[in-house]
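Report on the structure
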Amino acid sequence: MSTNKYLCEGALIGKSENREYVSSLKGLERARQEGKILEGVVKMCDSDTLEMHVDLYGIDGVIPKEESVYGVPVKDIAIITRVGKAVAFKVLQIEKDKQGKPRAILSRKEAQRECMENYLMDLIPGDIIPAKITHFESFGAFLDVGCGISALMSIDSVSVSRISSPKDRFTLRQEIKAVVKSVDYDTGRLFLSTKELFGTWEENAQDFCVGQTVSGIVRSVESYGIFVELAPNLAGLAELKDDVNVGDACAVYIKSIMPEKMKIKLVIIDTYENKAEAGQTSNHLKDIETTHIDYWRYSPLGCEKVIETVF
């Protein structure tokens, strides 16, 4: 039975156990025999063969192109952009190069295959798992869910409060917890969500009172008003005001709070440069202790509009 932990790439770098295995030929051979998943940093990619060379404390570790990824077509750009970054791998064999120096043949593909079969394919919708933001697209964010395997979180799954880009909520390489929204067991594709982890309308609204002046971020400017985010899962509608743009930070006066309609009416007092980092609003996602949810309701009881997730 495997004793490997299927962590996001980079989690093992600097750890004593990982270093013990990768710092000697004896350790690498033991890792091969035990089927251990290790990590190293890609120091170079060969332009002809697209082999990745991993720094193993003076020993050359080589990941052939065909061993670079599991379950998806190998794209050259995906290999090249790994240079300077951590990769997970298993040791396939130890041999000597043309100069007689030892080198280790590694497989990221085998590490990912084991992660997929022993961990990811056992997940079900509603499971809460650790993940790391790897890159952004206009339609969502991609996250490492183990050994460099990617999962997609669409922009509408990030939060209830509307955003124009996942960059408004997260930062690159940020480590978070996410909910498994769905799993395609045929293709191995995972889809994630975080809006269920930012709290319900009532949980967010309880931090605010009528008559307060609080800070917010302008998320949308419409013909009928301006949506201002007060918390990642809570926005209010402010009256129109000149020279207000999406992304502006602002001070807003709270005119009314209506739980039965999930509405907060605001007045924008002033706007100023938004210097807050996106990831600061979602750092608590790392500390969530719950491991599974079956049902989540955002709307207050008695509200006509129901926003919910059934896993």
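Residue numbers run consecutively from 1 along every chain, following the written order of its sequence. Per-residue local features are limited, in this predicted model, to residues with pLDDT of at least 70; the limit for side-chain atom pairs, both in listing and counting, is 80 or more; totals at the level of whole chains, interfaces and linings are taken over all residues. As a rule here, side-chain values come from all non-hydrogen atoms in the structure, and water together with hydrogens is ignored.

Here we come to the overall build of the chain. For the purposes of this entry, the term helix denotes a DSSP run of H or I that reaches at least four residues, the term strand denotes a run of E that reaches at least two, and both are numbered from the N terminus. If you tally the helices and strands in the chain, you get five helices and 17 strands. On the principal axes, the C-alpha backbone points of the chain span a range of 75 × 40 × 35 Å. Note on definitions: a residue-residue contact is assigned when non-hydrogen atoms from the two residues lie within 4.5 Å. In the chain, the proportion of contacts linking residues at least 24 apart, taken out of those at least 6 apart, comes to 63%. As displayed, the chain has an accessible area near 16,100 Å², and 49% of this comes from carbon and sulfur atoms. Counted charges follow a simple rule, with Lys and Arg positive, Asp and Glu negative, and His plus the chain ends left uncounted. In this description, the location of a charge corresponds to atom NZ of lysine, CZ of arginine, CG of aspartate or CD of glutamate. Where the 39 positive side-chain charges of the chain centre and where its 47 negative ones centre are 3 Å apart. Residue burial considers only the protein chains on display, and all accessible areas are found by Shrake-Rupley using a 1.4 Å probe.

Here the focus is the sheet that holds strand E14 (residues 249-258). In this analysis, strands are considered paired if DSSP registers two or more bridges between them. The five strands lie next to each other as E11-E12-E13-E15-E14, forming a closed barrel whose pairing is mixed. Between one strand axis and the next, the sheet turns through 50 degrees on average, direction left out of account. Axis geometry follows a simple rule: fit a line to the C-alpha atoms, using only the stretch in contact for helices, then measure angles between N-to-C directions, giving values from 0 to 180 degrees.

Attention now moves to the packing of aromatic side chains. Aromatic pairs are defined between Phe, Tyr and Trp rings, using the six-membered ring for Trp, whenever the two ring centres lie within 6.5 Å; interplanar angles under 30 degrees are classed as stacked, those over 60 as edge-to-face, and all others as tilted. Counted under the stated rule, the structure contains four aromatic pairs. Each ring, one from Phe139 and one from Phe142, has its centre 6.2 Å from the other, and the planes form 85 degrees; the classification is edge-to-face. Of the residues examined, Phe142 reaches a relative accessible area of 21% and is grouped as partly exposed. Seen in terms of ring centroids, Tyr224 and Phe227 are 6.1 Å apart; in terms of plane orientation they differ by 85 degrees. Their pairing is edge-to-face. The rule is simple: take the accessible area with a 1.4 Å probe, protein chains only, and divide by the maximum for that residue type; under 20% is buried, over 50% is exposed, in between is partly exposed.

The subject of this paragraph is helix H2 (residues 25-34). For H2, every residue scored as buried is listed here: Gly27, Leu28 and Ala31. End-on view of H2: buried residues confined to an arc of 100 degrees, all on one side of the axis. When the buried face of H2 is taken as reference, the exposed residues oriented beyond 90 degrees from it are Lys26 and Gln33. Buried residues in H2 make contact with helix H1 (16-22), strand E1 (38-45), strand E2 (52-56), strand E3 (59-63), strand E4 (86-96) and strand E5 (102-107). A positive backbone phi angle near 70 degrees is found at Gly35, which sits one or two residues after H2. What the arc covers is the set of directions going from the helix axis to the C-beta atoms.

Turning to the pattern of salt bridges, a few remarks are in order. A pair is scored as a salt bridge if a Lys or Arg side-chain nitrogen falls within 4 Å of a carboxyl oxygen belonging to Asp or Glu. Using the criterion set out here, one finds 16 salt bridges in the structure. Arg30 is paired through a salt bridge with Glu34; the nearest N and O atoms lie 3.6 Å apart. Of this pair, Arg30 and Glu34 are both found in helix H2, four residues apart, which corresponds to roughly one turn of the helix. Take Arg30: its relative accessible area is 31%, and that puts it in the partly exposed class.

Take unusual backbone geometry next. With a phi close to 55 degrees, Cys147 is a non-glycine residue in the positive phi region. Secondary-structure assignment places Cys147 in the loop between strand E7 (140-144) and strand E8 (150-154). For Met262, which is not glycine, the phi torsion reads 55 degrees and is therefore positive. Relative to the assigned elements, Met262 resides in the loop between E14 and strand E15 (263-272).

Time to look at the sheet that holds E2. Hydrogen bonds between backbone groups are what pair the strands of a sheet, and the pairing can be parallel or antiparallel. The five strands are arranged E1-E2-E3-E5-E4 in a closed barrel whose pairing can be described as mixed. If you compare each strand with its neighbour and ignore which way they point, the axes differ by 50 degrees on average. Bridge analysis of E1 against E4 gives four bridges, and the strand direction is antiparallel. Following the sheet pairing, Gly40 is matched in E4 by Val87. Packed onto the sheet, H2 meets E1, E2, E3, E4 and E5 and runs at close to 105 degrees relative to E4. Its contacts with the sheet place helix H4 (residues 108-118) against E3, E4 and E5, and it is angled at close to 125 degrees to E4.

As a further point, take the environment of Ile63. Mapped onto the fold, Ile63 is located in strand E3. Assessed through its relative accessible area of 0%, Ile63 is described here as buried.

Attention now goes to a nonpolar patch on the surface. In this analysis, a patch consists of residues with relative accessible area above 30% that form no salt bridge, clustered at 9 Å for like charges and at 5 Å for the nonpolar side chains Val, Leu, Ile, Met, Phe, Trp and Tyr. Taken together, Val221, Leu240 and Val246 make up a surface patch of nonpolar side chains, about 250 Å² in accessible area. Counting through the fold element by element, Val246 comes out in the loop between strand E13 (234-238) and E14.

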